[in-house]
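Per-entry structural report
Here are the chains, one letter per residue:
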Amino acid sequence: MIIALIGLALGVFLGFVLPLDLPSSYTSYMSIALLAALDSVFGGIRAEMEGKFDSHIFISGFFGNIIIATFLAYFGDRVGIPLYYAAIFTFGTRLFQNFASIRRIFLNKIEQKYYKH
Amino acid sequence: MKKIKGRVEIAIICVIIGIMIVLQMQTIGNLGGLVSSQRADDLLVELNQLKKENTELTKKANDLSSAVDDFESQAADNNRYIEKLLQDVNNAKIYSGQTDLQGEGIEITLDYDSVENDGFDPFLYNSELLLIMVNELNAAGAEAISINGERLISVSEIRLAGSHININGTKHSRPFVFKVIGDAKTLKSALLIRAGIADIMRANYISVSIEEVEELTVEKYEKVINYRYAKPVGGE
């Protein structure tokens, strides 16, 4: 968990330092990709807490989710169907579910620690 | 060992997410915040309504001015003196830019050829170039000038106002189409002279295309000229 926060801080720092520039017309795709990425990370944290973490599934899910979500948003823009809603609903729901699981596991751990004695 | 390895991967991906978050925040910050689609829809409805109103009012104004013409011609039929007066009025209208004019001239189109949709608009940084161009055209003997349908008269302004350029109090943005009546060759050479206004504009990323037109119509000044302070000296 701590190493994830350190990574996030490093990423924010790099984002400010590196001379990257995103064309303004791509912001909507970027936001969808960001949501997919967050979903994957929460899923990864949850799997790790449950002891089911598999790095291959995690990494392929991370990039796969981002690519599919961005492609859906782009394709929806081209054909006039707001397909990015699908991505938002799916990833948003899963985000909350993952967070709920993480919370349960976390609380269980604390309970086991303090109520054993 | 396996647990630590898994965390390293999460950390690397967190780095990527951090970069994405910052990129997204900076881009949206540069845009000045996103307009929600609800608000955009509201504005669109309002815009359409105003456009409709505008066309209706323009139609009304045209009807009224044709009625005035009718009255004038009716009165002129009866009297020679009035006919002479009417001719004077028409001449005065031509000189003050209140009639459409036709004749030989050139059409200049100023635009910005962006390679990609980069949001840059050279006219916002060098709006004075339009004024210089008008000045050059007048110096070359232009008899009537309009920009995007706005006839330039003695009280016309060309001025940067926010992200638009105000001409005759109306907002305009690129492309700017100048219609100029005058000797086409003289006008063209006045613009295309080496280090002249066309070169300056091209140096400022504005694309200039000039076309000679044999029969050009320059629109009239649409607004009402109203002097509040200025009064003619002496009586009639």
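Conventions and cut-offs
Residues numbered from 1 in each chain as written. Chains lettered and ligands numbered in written order. Predicted model: local features only at pLDDT ≥ 70, side-chain atom pairs only at ≥ 80, totals over all residues. Heavy atoms only, no water. Helix = DSSP H or I, 4+ residues; strand = E, 2+ residues; numbered from the N terminus. Rg over C-alpha atoms; globule rule 2.2 N^0.38 Å. Buried < 20%, exposed > 50% of the residue type's maximum accessible area, 1.4 Å probe, protein only. Phe/Tyr/Trp six-rings, centres within 6.5 Å; stacked < 30°, edge-to-face > 60°. Salt bridge = Lys/Arg side-chain N within 4 Å of Asp/Glu carboxyl O. Contact = heavy atoms within 4.5 Å. Buried area = accessible area lost by both parts, 1.4 Å probe. Domains from an automatic or database assignment. Core = buried A, V, L, I, M, F, W, Y, C linked by side-chain atoms within 4.5 Å.

**Observations concerning the overall build of chain A**
Tallying secondary structure elements over chain A gives four helices and zero strands in all. Scanning chain A from its N terminus toward the C terminus, one meets helices and strands in the order α-α-α-α. The C-alpha atoms of chain A give a radius of gyration of 17 Å, which is well past the 13 Å a tight globule of 117 residues would have. In terms of its C-alpha atoms, chain A occupies a principal-axis envelope of roughly 60 × 35 × 20 Å. When the 117 residues of chain A are sorted by exposure, 33% land in the buried category.

**Regarding the packing of aromatic side chains**
Residues and elements named next belong to chain A. One pass over the full model with this rule turns up seven aromatic pairs over all chains. Their ring planes at 85° and their centres at 4.9 Å tell us that Phe62 and Phe63 sit as a pair that is edge-to-face. On the basis of relative accessible area, Phe62 is assigned to the buried category, the value being 0%. Ring centres 6.3 Å apart and planes at 25° place the aromatic pair Tyr85 and Phe89 in the stacked group. Here Tyr85 and its partner Phe89 are both found in helix H4 (residues 84–115), four residues apart, which amounts to about one turn of the helix. Of the residues examined, Tyr85 reaches a relative accessible area of 42% and is grouped as partly exposed.

**Concerning the pattern of salt bridges**
Two side chains carrying opposite charge are able to pair once their charged atoms lie near each other. Residue and element names in this part refer to chain A. Counted according to the given criterion, the structure contains six salt bridges over all chains. Salt-bridge contacts for Glu50 lead to Arg46; the nearest nitrogen and oxygen are separated by 3.3 Å. Taken together, the residues Glu50 and Arg46, both in helix H2 (residues 27–50) and four residues apart, mark about one turn of the helix. By relative accessible area, which is 26% here, Arg46 ends up partly exposed.

**Points about unusual backbone geometry**
Residues and elements named next belong to chain B. The residue Asn168 is not glycine, and still its phi comes out positive at about 55°. Mapped onto the elements of the fold, Asn168 is located in the loop between strand S5 (164–167) and strand S6 (170–172). Notably, Ala195 is not glycine yet its phi reads approximately 60°, a positive angle. Following the sequence through the fold, Ala195 ends up in the loop between helix H6 (184–192) and helix H7 (197–203). The class for Ala195 is exposed, based on a relative accessible area of 61%.

**Description of the interface of chain A and chain B**
Facing 34 residues of chain A, the contacting portion of chain B comprises 22 residues. Across the chain A to chain B interface the summed buried area is about 2700 Å²; carbon plus sulfur atoms make up 79%. Three residues, Met30(A), Leu34(A) and Glu48(A), lead the burial of chain A against chain B; their summed loss comes to 19% of the area buried on that side. Summed over the shared surface of chain A and chain B, the result is zero salt bridges.

**Some details on the domain arrangement of chain B**
Each assigned domain of chain B is listed here: domain 1 (43–96) and domain 2 (101–218). Measuring from the centre of the C-alpha atoms in domain 1 of chain B to the corresponding centre in domain 2 of chain B gives 28 Å.

**Observations concerning the nonpolar core**
The biggest cluster of nonpolar side chains holds 30 residues, and the ones touching the most others in it are Ile108(B), Leu110(B), Leu137(B) and Phe178(B). Listing elements by their share of this core, those giving two or more residues are strand S1 (101–111), helix H5 (128–139), strand S2 (144–147), S5, strand S7 (176–181), H6, H7 and strand S8 (207–218) of chain B. The dominant element in this core, judged by the number of residues it contributes, is H5(B), at five residues. Residues within four places of Phe178(B) in sequence aside, it is in contact with Ile106(B), Glu107(B), Ile108(B), Leu110(B), Leu130(B), Met133(B), Val134(B), Leu137(B), Ile145(B), Ser146(B) and Ile147(B). Judged by nonpolar contacts, the second largest core, of 28 residues, contains Met30(A), Ile32(A), Ile45(A) and Ala87(A).

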